[in-house]
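# Observations on the model geometry
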Amino acid sequence: KMQQVFDTVYKICTSNKMFSKIYARVLTSLCNKYASEFNEFFETRLAAYLTTMQNIVDVDQNIDYDAFCEFSANNNTRKNITNLLCDIAKTGAYESFQQSNLFKITEDLLAHILEIVENAEKQKEVEEISETIVIVFSHFSKELKEQFRPIFEKLASPEKKPGLSSRTKFKYMDLIGK
């Protein structure tokens, strides 16, 4: 029964980013009360979230509108989950997921971007992962600024990278300027 409760609460939490602070408190309260069940649930959801960061392929709405709608919904869900994870990390109440975990995820995502940024076919993947990094940075700019500044500078450099759109490059320029 608790698995169903966790699933329901999680679906609600990831469908709307407007209340992610409240949802983070709800989830951390559940975690404190049902630690063993929740830890397994959370680890499963975190792994699924990280899997969504791989092999992101752009869908043209003029070719397959249904697939485009699904693609957009998945991107929004990923952003909502990112906000939720940031708010969970900020509470500090859930010992299994702290800021250090989120910073490690960010570090891994940036390493992945650096691996694929030379591939033009991976441009949408770089863009979507960069959106995630921007969300994390918006929550933890003071903590992250110096740690990831060299990578941000490399991605914002004038050097042409086929997997990096101008739009994404400007996002990294903004991160450096913050």
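To be clear, the structure that these remarks concern was listed above.
Presented here is an overview of the structure given in this document. (Residues numbered from 1 in each chain as written. Predicted model: local features only at pLDDT ≥ 70, side-chain atom pairs only at ≥ 80, totals over all residues. Heavy atoms only, no water.)

## A short note on the overall build of the protein chain
A count of helical and extended segments in the protein chain gives 8 helices and 0 strands. The order of helices and strands in the protein chain, counted from the N terminus, is α-α-α-α-α-α-α-α. Its C-alpha atoms give the protein chain principal-axis dimensions of about 50 × 40 × 25 Å. Taking contacts inside the protein chain between residues at least 6 apart in sequence as the whole, the part at least 24 apart equals 71%. Carbon together with sulfur atoms contributes 52% to the accessible area of the protein chain, which is approximately 9800 Å² in total. Taken as two groups, the 23 positive and 25 negative side-chain charges of the protein chain have centres that lie 6 Å from each other. (Helix = DSSP H or I, 4+ residues; strand = E, 2+ residues; numbered from the N terminus. Contact = heavy atoms within 4.5 Å. Areas by Shrake-Rupley, 256 points an atom, 1.4 Å probe, with all protein chains shown as cover. Lys, Arg positive; Asp, Glu negative; His and termini not counted. Charge placed at Lys NZ, Arg CZ, Asp CG, Glu CD.)

## Notes on the pattern of salt bridges
In total, this model carries 12 salt bridges according to the counting rule given. Of the charged contacts, one joins R45 and D7 as a salt bridge, the two residues approaching to 2.2 Å between their closest N and O atoms. Remark: D7 occurs in helix α1 (residues 2-15) and R45 occurs in helix α3 (residues 35-51); sequence separation between them is 38 residues. With relative accessibility at 23%, the residue R45 sits in the partly exposed group. (Salt bridge = Lys/Arg side-chain N within 4 Å of Asp/Glu carboxyl O. Buried < 20%, exposed > 50% of the residue type's maximum accessible area, 1.4 Å probe, protein only.)

## Details of the nonpolar core
Nonpolar side chains in soluble globular proteins tend to end up buried together. Within the largest apolar cluster, 49 residues are counted, with the highest numbers of intra-cluster contacts made by F97, L102, I133, F152 and Y172. Mapped by element, the contributors of at least two residues to this core are α1, α2 (20-33), α3, α4 (65-91), α5 (99-116), α6 (123-139), α7 (141-156) and α8 (166-177). When sequence neighbours within four positions are dropped, the list of residues in contact with Y172 reads L110, I113, S130, I133, F152, L155, A156 and L164. (Core = buried A, V, L, I, M, F, W, Y, C linked by side-chain atoms within 4.5 Å.)

## Overview of empty space enclosed by the protein
Gaps left between atoms show up when a probe the size of a water molecule is rolled over them. Taken as a whole and judged by the stated rule, the model has 1 cavity of 30 Å³ or more. Quantified by volume, the largest cavity comes out at close to 60 Å³. The wall of the largest cavity is formed by Y10, L27, F38, F41, F42, R45, L46, Y49, I81, L84, L85 and I88. The dominant element in the lining of the largest cavity, judged by the number of residues it contributes, is α3, at 6 residues. (1 Å grid on protein atoms, 1.4 Å probe; cavity = no way out; pocket = protein on both sides within 12 Å on 5 of 7 lines; lining within 4 Å. Points joined across faces, edges and corners; volume = space filled by probe spheres on them.)

## Some remarks on the environment of K79
Examined against the element boundaries, K79 turns out to sit in helix α4. Since its relative accessible area comes to 23%, K79 is described here as partly exposed. In the structure, K79 is positioned 56 residues away from I135 in sequence and 7.5 Å away in space, judged by C-alpha atoms. If sequence neighbours within four positions are ignored, K79 has contacts with E128, E131 and I135.

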